[in-house]
Amino acid sequence: MSQSVCILGATGSIGQSTLKILLQHPEKYSVFAVTAYSRILELVEICKQYHPQVVVVPSNKVDELRQYFKNQHLNHIEILTDEAGLIAVAEHSDVDVVMAAIVGAAGLLPTLAAVKSGKRVLLANKEALVMSGDIMMQAARDHHTVLLPVDSEHNAIFQCLPEGYLQAERNGQPQKGVAQILLTASGGPFLHYDLDQLKNVTPAQACKHPNWSMGQKISVDSATLMNKGLELIEACHLFAISEQFVTIVVHPQSIIHSMVQYVDGSTLAQMGNPDMCTPIAHALAWPERIQTHVPALDLFVNHRLDFQEPDTVRFPALKLARQAMQSGRLAPTILNAANEVAVAAFLNHAIRFDEISQVVDKTLNHVENGAANSIELILQADLLARSVADQIVMNTGS
Ligand code: NDP
Ligand code: MG
């Protein structure tokens, strides 16, 4: 029977890649709901092609969307609004699969709603897990939710772990003969830049990733290596492993998407061309496999695989994220909120590239790291950290 899919963040890079795969398998999947935030024209194009039953947009976009729907004879599509609308489609009883691909903290409550309703949840929105890791993983266990990682590294790790690993004991120790996880990082566009060069890089340069085509926020995160920091935290939660068992390995070619080392000396790697359609298709079809347009890896063309240690002096974000994971409690939420504010400020030319990590560091020092045992406390800390980070940005202004 065909699976009914809800795509949170359909107009984004992950959303569009997901739609591309669904188009290839119309007998397996139908699109029930799609959501957008600012790209309304793109949403209308998606509606023309995929005929969803429901869309979700911010309330201030409804008039514009209705006008387009009228012109395109799409009036039968139901329009829901704002966070309540996102939550409603995420937990809708007609939905089997939710792709959580909203960027940032805005995706937290809809993603959690999907997890709590026991659907198959494909997790791209890493910020949601960074903020609420323990609560989200507990909700997934309580509701027997199949929570599958879409982030290419975590999807690779999932593929390299022994079967049933996610059901193993969750005590921070690697289980079932696993020794450690090797989380690969491309190193981003500024891998070889020195500290002085890093002061002068522009948003346009930061958004031009050498291997992956992605949304602006994650592109900047990849350039600062905060993306790898968030992924370190993501891996700890998904695979119930303490941070000392996750080693970051810079691998500029992005052919190996991550590895798992075993106690017997084996190292398993998942490899492929860098295209998010592969992990999305894997998570959609797991435990089966479906076809994508991604060409098979040609090892005679990609014949070099290089590896090096990350440099946390030039890329301090990685160190900040590891410390936040060690501190636990609200520290990852504060780190994430400050980073979202700092990245937006950098994209608006309000601060320099190297100041992004400084804003995060200062915010972590200013906001108290309290208990994180409810979503309310997490959302409060997120708001507080944002206002503190805003203030720090204003005082930084280059
Ligand atoms: P994009 O910026 O391309 O897309 C983000 C999506 O979220 C868009 O649909 C956008 O709507 C929507 N959105 C933005 N802000 C809000 C908001 N406040 N409320 C509701 N919806 C909102 O990002 P990506 O697709 O690149 O990334 C999505 C998530 O997936 C991120 O968490 C990222 O870290 C993760 N990820 C992405 C990868 C990639 O290759 N792109 C790889 C691994 C993980 P609109 O466009 O209409 O404004
Ligand atoms: Mg990734």
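- The name given to the chain in an unreviewed UniProt entry is 1-deoxy-D-xylulose 5-phosphate reductoisomerase, with the source organism recorded as Acinetobacter albensis.
- Quoted verbatim from the Function (unreviewed entry) heading of the UniProt record, the comment on the chain is "Catalyzes the NADPH-dependent rearrangement and reduction of 1-deoxy-D-xylulose-5-phosphate (DXP) to 2-C-methyl-D-erythritol 4-phosphate (MEP)."
- One UniProt comment on the chain, placed under Sequence similarities (unreviewed entry), says "Belongs to the DXR family."

1. Examining the packing of aromatic side chains
For step 1, the next point in the chain: Across all of its chains, the model carries four aromatic pairs by this definition.
For step 2, the next point in the chain: Judged by centre distance (5.2 Å) and plane angle (85 degrees), the ring pair of Phe-190 and Phe-353 falls under edge-to-face. Of this pair, Phe-190 sits in the loop between strand E8 (178-185) and helix H8 (195-199) while Phe-353 sits in the loop between helix H14 (331-347) and helix H15 (355-366); the two residues are 163 residues apart in sequence, bridging distant segments of the chain. We note that Phe-190, like Phe-353, is buried.
For step 3, the next point in the chain: Put simply, the rings of Phe-190, Tyr-193, Phe-346 and Phe-353 pair up and form one aromatic cluster.

2. A word on unusual backbone geometry
For step 1, the next point in the chain: Note that the residue after Trp-286, namely Pro-287, is joined by a cis bond; omega there is 10 degrees.
For step 2, the next point in the chain: Residue placement: Pro-287 occurs in the loop between helix H12 (277-285) and helix H13 (317-327).

3. Concerning the site of ligand 1
For step 1, the next point in the chain: Near ligand 1 you find 23 residues, and of these Thr-11, Tyr-37, Ser-38, Arg-39 and Glu-127 are the closest.
For step 2, the next point in the chain: Glu-127 places a side-chain nitrogen or oxygen 2.6 Å from an oxygen atom of ligand 1.
For step 3, the next point in the chain: Between an oxygen atom of ligand 1 and a main-chain N or O atom of Gly-215, the distance comes to 2.9 Å.
For step 4, the next point in the chain: The fraction of the free accessible surface of ligand 1 (900 Å²) that becomes covered by protein chains is 90%.
For step 5, the next point in the chain: Among the residues forming the shell around ligand 1, the class breakdown is twelve nonpolar, seven polar and four charged.

4. Some details on the UniProt feature "domain: DXP reductoisomerase C-terminal" (unreviewed entry) in the chain
For step 1, the next point in the chain: Here, the residues flagged by UniProt with the feature "domain: DXP reductoisomerase C-terminal" (unreviewed entry) are residues 271-387.
For step 2, the next point in the chain: Here residues 271-387 runs as 53% helix and 1% strand, with 41 Å between its end C-alpha atoms.

5. So, the sheet that holds E8
For step 1, the next point in the chain: If you walk across this open sheet you meet the four strands as E9-E8-E10-E11, and the pairing is mixed. Looking at strand neighbours, the two that pair on one side only are strand E9 (246-250) and strand E11 (267-271), the edges of this open sheet. With direction set aside, neighbouring strand axes in the sheet form an average angle of 20 degrees.
For step 2, the next point in the chain: Sheet analysis places strand E10 (residues 256-262) next to E11, joined by five bridges and oriented antiparallel. When the bridges of E11 are listed, Gln-261 appears paired with Thr-267.
For step 3, the next point in the chain: Contacting E8, E10 and E11, helix H7 (residues 152-160) runs over the sheet at an angle of about 40 degrees to E10.
For step 4, the next point in the chain: Its contacts with the sheet place helix H11 (residues 226-238) against E8 and E9, and it is angled at close to 155 degrees to E8.

Conventions and cut-offs
- Residues numbered from 1 in each chain as written.
- Chains lettered and ligands numbered in written order.
- Predicted model: local features only at pLDDT ≥ 70, side-chain atom pairs only at ≥ 80, totals over all residues.
- Heavy atoms only, no water.
- UniProt positions renumbered as here; feature names shortened; annotations may be inferred.
- Phe/Tyr/Trp six-rings, centres within 6.5 Å; stacked < 30°, edge-to-face > 60°.
- Helix = DSSP H or I, 4+ residues; strand = E, 2+ residues; numbered from the N terminus.
- Buried < 20%, exposed > 50% of the residue type's maximum accessible area, 1.4 Å probe, protein only.
- Near = heavy atom within 4 Å.
- Polar contact = N/O pair within 3.5 Å; in protein donor to acceptor, adjacent residues only side chain to side chain.
- Areas by Shrake-Rupley, 256 points an atom, 1.4 Å probe, with all protein chains shown as cover.
- Nonpolar A, V, L, I, M, F, W, Y, C, P; charged D, E, K, R; others polar.
- Pairing = 2+ DSSP bridges.
- Axes fitted to C-alpha atoms, helices over the stretch in contact; angles between N-to-C directions.
- Contact = heavy atoms within 4.5 Å.

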